[in-house]
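Examining the three-dimensional arrangement
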Amino acid sequence: MIVRRMILDDAPQVVEIDRASFNLPWSERAFRYEIEENTAARCWVVEVDQRVAAMLVLWMILDEAHIATIATHLAYRRQGLARKILMDALKAAREEGARTALLEVRASNAVARKIYRHLGFIEVGRRPKYYRDNGEDAVLMTLESLNALEFAEDE
């Protein structure tokens with residue numbers, strides 16, 4: 001398992017993961033924009049056996065790390081890849097000066113919310129009817145201090 005920065009060649013596999021994971025997936029063009037043009041974006045993948053198994057896009061906004069999207073390929077779920085890529089991305093963001101992290105997650109996504117809570121994120125609010133596909137609420141979660149989070153190098 002290798003966690004590394006996303007490159008343009010990863011885009012087709014990343015889009016495949018995104019489409020299988022979300023009702024409102026990003027386009028390949030959107031991922032290409034994040035990789036090539038968005039100076040705030042930090043795009044990551046987990047590679048397993050030379051295949052992209054998980055992906056994450058984080059935006060650095062002042063001293064905040066905003067998790068824009070994160071997903072794991074169906075064949076690689078429940079192996080700790082989402083936790084690993086999130087930990088590595090947050091560690092890198094902390095090294096760049098991020099002090100806090102935030103994200104939105106579907107209210108019904110209990111698995112993701114559990115992962116985030118385990119890492120120290122707390123639920124701080126809701127965005128009612130945030131998701132266009134079904135009007136579901138987004139739960140806002142924040143990790144108040146990246147310094148308080150102990151990052152394991154070898155997890």
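Read on for a plain summary of the structure. What you see is a predicted model, and the numbers here were worked out from it, not measured in a lab.

**Side note on the overall build of the chain**
Along the chain, the regular secondary structure elements total four helices and seven strands. Listing each helix as α and each strand as β along the chain from the N terminus yields β-α-α-β-β-β-α-β-α-β-β. For 155 residues, the compact-globule formula gives about 15 Å, and the C-alpha radius of gyration of the chain, at 15 Å, lands near that figure. The buried share among the 155 residues of the chain stands at 46%. Across the chain, every contact between residues at least 6 apart in sequence was considered, and the portion connecting residues at least 24 apart equals 61%.

**Comments concerning unusual backbone geometry**
The phi dihedral of Q50 falls on the positive side, at around 60°, and the residue is not glycine. As for its placement among the helices and strands, Q50 is situated in the loop between β2 (41-48) and β3 (51-61). Accessibility expressed as a relative area gives 75% for Q50, which makes it exposed.

**A word on the nonpolar core**
Counting 34 residues, the largest nonpolar core has L56, L58, L86, L90, Y116 and F121 as the members making the most contacts within it. Here the element with the most residues in this core is helix α3 (residues 81-95); it accounts for nine residues. Ranked by size, the runner-up nonpolar core spans twelve residues in total, among them C43, V52, M55 and A71.

**Thoughts on the pairing of strand β4 (residues 64-72)**
Counting buried residues in β4 gives seven out of nine residues, a clear majority hidden from the surface. Where β3 lies against β4, eight bridges are found, and the strand directions are antiparallel. Counterpart to A54 in the pairing with β4 is T72. Hairpin connection of β3 to β4: two residues between the antiparallel strands, including L62 at a positive phi of 55°. Sheet topology places β4 next to strand β5 (residues 100-106); four bridges connect them, and they run parallel. From the neighbouring strand, A65 faces β5, where its bridge partner is A101. This β-α-β element, β4 to α3 to β5, shows right-handed connectivity.

**Re the pattern of salt bridges**
For the structure on display, the rule yields 13 salt bridges. R117 serves as the salt-bridge partner of E123, at 3.2 Å between the closest nitrogen and oxygen. For E123, a relative accessible area of 36% corresponds to the partly exposed category. Taking relative accessible area as the criterion, R117 reaches 43% and is therefore assigned partly exposed. Residues R126 and D137 are paired through a salt bridge, measuring 3.4 Å at the closest nitrogen-oxygen approach. One end of the pair, R126, is in strand β6 (residues 122-127); the other, D137, is in the loop between β6 and β7 (138-143), and eleven residues separate them in sequence. Judged by relative accessible area, D137 falls into the partly exposed class, the value being 23%. The network of salt bridges with shared partners includes R4, D10 and E47.

Cut-offs and rules
- Residues numbered from 1 in each chain as written.
- Predicted model: local features only at pLDDT ≥ 70, side-chain atom pairs only at ≥ 80, totals over all residues.
- Heavy atoms only, no water.
- Helix = DSSP H or I, 4+ residues; strand = E, 2+ residues; numbered from the N terminus.
- Rg over C-alpha atoms; globule rule 2.2 N^0.38 Å.
- Buried < 20%, exposed > 50% of the residue type's maximum accessible area, 1.4 Å probe, protein only.
- Contact = heavy atoms within 4.5 Å.
- Core = buried A, V, L, I, M, F, W, Y, C linked by side-chain atoms within 4.5 Å.
- Pairing = 2+ DSSP bridges.
- Right-handed = clockwise from strand over helix to strand, strands pointing away.
- Salt bridge = Lys/Arg side-chain N within 4 Å of Asp/Glu carboxyl O.

None of this, on its own, says anything about what the molecule does.
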